Amino acid sequence: MNCSTQRIVGQFLRQTAQRRFKIRSRRWKSTFETREWSTPLARTLANVIKTTGPVPIAAFMRQVLTSPEGGYYTTKPEGGEEVFGKKGDFVTSPEISQVFGELVGIWTIAEWMAQGGKKSGVQLMEIGPGKGTLMDDMLRTFRNFKPFTSSLEAIYLVEASPTLREVQKQLLCGNAVMEETDIGHRSTSKYFNVPVIWVEDIRLLPHEEDKTPFIFAHEFFDALPIHAFESVPPSPENEQQEQEIMTPTGGTKLQRPPKAANTPQWRELMVTLNPKAVDENIKDEPEFKLTLAKASTPSSLVIPEISERYRALKSQPGSTIEVSPESRIYASDIARRIGGSSQPPRTAAGRNAPASSAMAKRIPSGAALIMDYGTMSTVPINSLRGIQNHKIVPALSSPGLVDVSADVDFTSLAEAALEASEGVEVHGPVEQGHFLQAMGIAERMQQLLSTVKDEEKRKILETGWQRLVERGGGGMGKLYKVMTIIPENGGRRRPVGFGGGVPV
Ligand code: SAH
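Residues numbered from 1 in each chain as written. Predicted model: local features only at pLDDT ≥ 70, side-chain atom pairs only at ≥ 80, totals over all residues. Heavy atoms only, no water.

**Structural notes on the environment of Met 113**
In step 1: Looking at the secondary structure, you find Met 113 in helix α7 (residues 98–114).
In step 2: Sequence-wise, Met 113 and Phe 148 are 35 residues apart; in three dimensions their C-alpha atoms are separated by 8.8 Å. (Helix = DSSP H or I, 4+ residues; strand = E, 2+ residues; numbered from the N terminus.)

**A look at the nonpolar core**
In step 1: Of all hydrophobic cores here, the largest spans 52 residues; its most connected members are Leu 124, Phe 148, Leu 369, Phe 435 and Ile 441.
In step 2: Setting aside chain neighbours within four positions, we find Phe 148 in contact with Thr 108, Ile 109, Trp 112, Val 122, Leu 124, Phe 142 and Phe 214.
In step 3: Formed by 35 residues, the second largest nonpolar core is a distinct cluster that contains Leu 41, Val 55, Tyr 73 and Leu 396. (Core = buried A, V, L, I, M, F, W, Y, C linked by side-chain atoms within 4.5 Å. Buried < 20%, exposed > 50% of the residue type's maximum accessible area, 1.4 Å probe, protein only. Contact = heavy atoms within 4.5 Å.)

**Side note on the confidence of the model for the chain**
In step 1: Summarising the model, the chain shows a mean pLDDT of 87, and 83% of its residues fall at 70 or more.
In step 2: Low confidence marks residues 19–26, where pLDDT is under 50. Its contacts with residues over four positions away, or in another chain, come to zero contacts.
In step 3: This model gives residues 345–358 a pLDDT under 50, and the stretch forms 15 contacts once residues within four places in sequence are excluded. (pLDDT = per-residue confidence, 0-100.)

**Some words on the packing of α7 against helix α8 (residues 133–142)**
In step 1: Interhelical geometry of α7 versus α8 gives an angle of 55° and a closest axis separation of 7 Å. With respect to α8, the axis of α7 lies oblique. Between α7 and α8 lies a crossing whose hand is right-handed. Where α7 approaches α8, its residues Gln 98, Phe 100, Gly 101, Glu 102, Val 104, Gly 105, Ile 106, Thr 108 and Ile 109 are matched on the opposing element by Leu 134, Asp 137, Met 138, Arg 140, Thr 141 and Phe 142.
In step 2: The residue inventory of the contact of α7 with α8, partitioned by class, reads seven nonpolar, five polar and three charged. (Axes fitted to C-alpha atoms, helices over the stretch in contact; angles between N-to-C directions. Parallel < 35°, antiparallel > 145°, perpendicular 65-115°, else oblique. Left-handed = near helix turned anticlockwise from the far one by under 90°. Nonpolar A, V, L, I, M, F, W, Y, C, P; charged D, E, K, R; others polar.)

**Some details on the site of the ligand**
In step 1: Around the ligand there are 18 residues in total, and Thr 92, Gly 128, Gly 130, Glu 159 and His 218 lie nearest to it.
In step 2: The separation between a nitrogen atom of the ligand and a polar side-chain atom of Arg 62 is 3.2 Å.
In step 3: The side chain of Glu 159 places a nitrogen or oxygen atom 2.5 Å from an oxygen atom of the ligand.
In step 4: Burial of the ligand by the protein amounts to 98% of the accessible area it has alone, namely 570 Å².
In step 5: Partitioned by chemical class, the residues of the shell around the ligand number seven nonpolar, six polar and five charged. (Near = heavy atom within 4 Å. Polar contact = N/O pair within 3.5 Å; in protein donor to acceptor, adjacent residues only side chain to side chain. Areas by Shrake-Rupley, 256 points an atom, 1.4 Å probe, with all protein chains shown as cover.)

**Brief notes about helix α3 (residues 57–66)**
In step 1: Taken as a whole, α3 has its buried residues at Ile 57, Ala 58, Phe 60, Met 61, Val 64 and Leu 65. Down the axis, α3 shows its buried residues gathered within 160° of arc, on one side only. (Arc of directions from axis to C-beta.)

**Points about the sheet that holds strand β16 (residues 391–393)**
In step 1: Read across the sheet, three strands follow the order β16-β15-β17 without closing on themselves; strand pairing throughout is antiparallel. Of all the strands in the sheet, the pair left with one neighbour each is β16 and β17 (403–405). Mean inter-strand twist for the sheet, computed between neighbouring axes without regard to direction, equals 40°.
In step 2: Where strand β15 (residues 385–388) meets β17, three bridges bridge the pair, whose relative direction is antiparallel. Each residue of the ladder has a partner; that of Gly 386, found in β17, is Val 404. (Pairing = 2+ DSSP bridges.)

Right, here's the structure in full:
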């Protein structure tokens, strides 16, 4: 090509590029800039997807729930009132009746006694405490058990939301000052002279060998991000030696092992923009929709391989699974706090440290109570849901204004706990109704009712009681489940509420 031809071609290419850019930028303007997004967070997420391509459900969930800029839990004005209770989006069991927290408190005392009633080093930990009601009702109950309260060393609250942290502080500490610490915040309980310590993630709390932690999570795990996968039949692509996978920075070639089996593969369900809403501006079309990834994603190659339960489903094309790796991290952490680590921690040199160091626990102690809605034994499917003003709404709508959650996979939590620590065993899940009946809800309610004369108040108490235990209708007795992690004892001692009796 001579010089003048080069110049002409160069000019042509530049003009075409400019024209293309103008067309694109006009289109961009018509959709992104002039469009009224449902929330500011919707615009942010849309920009991310436009740049990087579809994102896993887990990334979307994480942002809509706990993004510091417009996340559901992190930025709802008024904190608790806007989220929980009649005026909020949903009501939880501790908010329905004080008896719920009282019975969880009694369960804790029973378990503490069954483990020999430690005289010191007892810690209370709640993950995702909401308005703090469950912990407050428990602490009020503990006031009647002096030997237990004198063993209490600290109350730890794991909370991602600064607004809810403030609500919890008011309820649990009253006017005591709250100060910032290197791991979070700290104040003092209004009932006992013990510190109340807030962190944003359980991993920020030190693991200490000689402590007895009682750990509670009520409607926390359902808020942890999930990934969803669908098994697709083998395709010609599977037979190729080279496969393209999607990464945050674009496609990349993956060398497959020479004799890769021609079997079904997992594909991840991703959140993408809905062109009907975003490009064509069609009214009432949702901004975001789910789409099956066209190729493997890093997550679809790794996550479904972590358990035999998922591997067994892979061979049946059409199977879908929901997996929450973050939930497994929490369950593992909880188990290690109770039972110690199965694997001695690695030293800087990469060698295993002696078993007596850091996380190894000589005598497992403490317990965890996980209370949530979810499946008894099956892997959850299609359970991503949105709730706003007590109504089910599309999960991907109005990011940051809708509570997004998914069914808890109790078996996966149990599996992760047992893998993480040889010092623990798991009981349940049992239905919430059964658990509360076993804990004596009827007797406690009758006792409360006998002190209340006002007809309206009696009605409220009775309706709340029914709602907590009923298995059908709007009842929470069957839908909600309770699972416990306790120190390993060869299955000889069943905890109360899980088939065991109250210790005498
Ligand atoms: N346990 C309370 C609140 C349940 S709502 C009740 O049953 O009434 C979920 C709680 O978990 C909220 O307090 C929310 O702010 C917190 N949360 C949600 N995701 C979290 C995360 N990733 N890390 C820490 N806290 C989280």
